Amino acid sequence: MKKLEFDRVFSYNIDDECWNSTSYMLPEHIEDLRTIQEFCDVFDAEVNKLEADRYQLGTEIAIMGDNSVDKLQERLKVVLGTDPLSMEVQKNATLFFGILLRSTLASKRVLQEYRLTKEAFELVVGEIESRFLQPLVAPGEIIGCVAAQSIGEPATQMTLNTFHYADISEKNVTLGVPMLREIINGARKIKTPSISVYLSPEASKTKESAKNVQCALKYTTLRSVTHATEVWYDLDPMSTIIEEDMDFVKSYYEMSDEEVALEKITPWLLRIELNREMMVDKKLSMADIAKKINLEFDDDLTCIL
């Protein structure tokens, strides 16, 4: 967090005469904070520790990529022992977790953001302790079997999930054992890379605006909007032998703004029938497609629509 955001979330503006925390503190408690120095010292010590965590996180852990974690509480032990080496290992093993714990359960956030009573706060602390100790491995635990089961069960579910997407063209992802193989081997080139895009508030107001963003982002090919293609040999392209196209071909040559070089037109033509539903869904017009085709092939063809 930046300093301004940090102060807003964690600090109490007790010295400010305009400070009003009645939305989350009782008036008598506010008065105690302003008059009893011992209470102020407790909150100051909390903020000072959070500032130290913030500094250490920004200058040591985040910079060096150290994934160690700070201690949760004294009773939460990963490494048992009171000798200096065990205590140092215990501290390093829970360093990052302690920073996260203190910032999440800071007193101002508990009062203002979470609105926890004393009983609710104690319940949360007890739940954290219970879940922290639950995954610790006991001496003699058959960790190989547990690890194999932990990987095998999700892999089975992931493989089953692939059948659920069998008829969904939009859901093209690697699942099951192939995905696990990519993760374990650290594959540099994954088969189906994906990304989650979150819309800004302005783009998420309506379904139509969200659809516009989707259409602008998604890569669309001519094949995805084509219903059928045919190759014809047409000796007179200006009047055409294709009955369905006679009217619009005639109109094209009569109303075209540009002169058409008939000597460059061969009898061979590629007739593309577009999928109207897909065109509407992707917000495309025939003019858009014709423009892209002409841009790609330049003078090698003439596109009539």
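Residues numbered from 1 in each chain as written. Predicted model: local features only at pLDDT ≥ 70, side-chain atom pairs only at ≥ 80, totals over all residues. Heavy atoms only, no water.

## Considering the nonpolar core
Put simply, the rule reads: The definition of a nonpolar core used throughout is a set of buried Ala, Val, Leu, Ile, Met, Phe, Trp, Tyr and Cys residues joined through side-chain atoms within 4.5 Å. Relative accessibility thresholds used throughout: buried, under 20% of the residue-type maximum; exposed, over 50%; partly exposed, between the two (1.4 Å probe, protein chains only).
If you look at the biggest cluster of nonpolar residues, it comprises 8 residues: Y12, I14, Y24, M25, I30, L33, C40 and F43. Listed in part, the 6 residues of the second largest apolar core include V9, F10, V47 and L50.

## Some thoughts on a nonpolar patch on the surface
Selection criterion: Patches were defined on residues exceeding 30% relative accessible area and lacking a salt bridge, with like-charge contacts within 9 Å and nonpolar side-chain contacts (Val, Leu, Ile, Met, Phe, Trp, Tyr) within 5 Å. Residue burial considers only the protein chains on display, and all accessible areas are found by Shrake-Rupley using a 1.4 Å probe. What counts as a salt bridge is simple: a side-chain nitrogen of Lys or Arg found within 4 Å of a carboxyl oxygen of Asp or Glu. In this text, helices come from DSSP runs of H or I with a minimum length of four residues, and strands from runs of E with a minimum of two, each type numbered from the N-terminal end.
Taken together, the side chains of L222, V231, Y233, L235, W268, L270 and I272 present a nonpolar region at the surface, about 740 Å² in accessible area. When contributions to the nonpolar patch are tallied by element, the ones reaching two or more residues are β1 (226-233) and β2 (268-274). In terms of residue count, the dominant contributor to the nonpolar patch is β2 (3 residues). Examined against the element boundaries, Y233 turns out to sit in strand β1. Classification of Y233 as partly exposed rests on a relative accessible area of 41%.

## Observations concerning the side chain of R109
In plain terms, the rule: Residues count as neighbours in contact if any of their non-hydrogen atoms are within 4.5 Å of one another.
As for its placement among the helices and strands, R109 is situated in helix α6 (residues 107-114). With sequence-adjacent residues up to four places away left out, R109 is seen in contact with V9, F10, S103, T104 and Y114.

## Considering the side chain of E182
As a reminder of what qualifies: His is not counted, nor are the chain ends; Lys and Arg add positive charge and Asp and Glu add negative charge. Any pair of N or O atoms that falls within 3.5 Å is considered a polar contact. Within protein, one atom must be able to donate a hydrogen and the other to accept it, and sequence-neighbouring residues count only if both atoms are side-chain atoms.
If you trace the backbone, E182 turns up in helix α9 (residues 176-185). Salt bridges are absent for the buried E182, whose nearest opposite-charge side chain, K191, sits at 5.6 Å. A polar atom in the side chain of E182 sits 3.0 Å from the backbone nitrogen of K191.

## Some details on the environment of R131
As for its placement among the helices and strands, R131 is situated in helix α7 (residues 118-133). Residue R131 is classed as exposed on the basis of its relative accessible area of 58%.

## Comments concerning the pattern of salt bridges
Within this structure, the stated rule accounts for 12 salt bridges. Note that R131 is salt-bridged to E127, the shortest N-O span being 2.9 Å. Here R131 pairs with E127, and both are found in helix α7, just 4 residues apart, close to one helical turn. Judged by its relative accessible area of 37%, E127 is partly exposed. The residue E202 makes a salt bridge to K205 at a minimum N-O spacing of 3.5 Å. Salt bridges sharing common partners tie together K3, D7 and E51.

## Considerations on the environment of E273
Residue placement: E273 occurs in strand β2. Judged by its relative accessible area of 37%, E273 falls in the partly exposed class. Along the chain, E273 and V225 lie 48 residues apart, while their C-alpha atoms are 9.0 Å from each other.

## Regarding the packing of aromatic side chains
Going by this rule: Here the aromatic set is Phe, Tyr and Trp, taking the six-membered ring for Trp, and pairing holds for ring centres within 6.5 Å; pairs whose planes are under 30 degrees apart are stacked, those over 60 apart are edge-to-face, and all others are tilted. Definition used: whenever NZ (Lys) or CZ (Arg) falls within 6 Å of the ring centre and also within 35 degrees of the ring normal, the charge is taken to sit over that ring.
Following the criterion strictly, the structure yields 4 aromatic pairs and no others. Relative to F10, the ring of F6 lies with its centre 5.0 Å away and its plane at 50°, an arrangement referred to as tilted. Here F10 and F6 lie together in helix α1 (residues 3-10), a separation of 4 residues that amounts to about one turn. Owing to a relative accessible area of 2%, F6 belongs among the buried residues under this scheme. Of note, R54 hangs over the ring of F6, and the distance from its end group to the ring centre comes to 5.6 Å.

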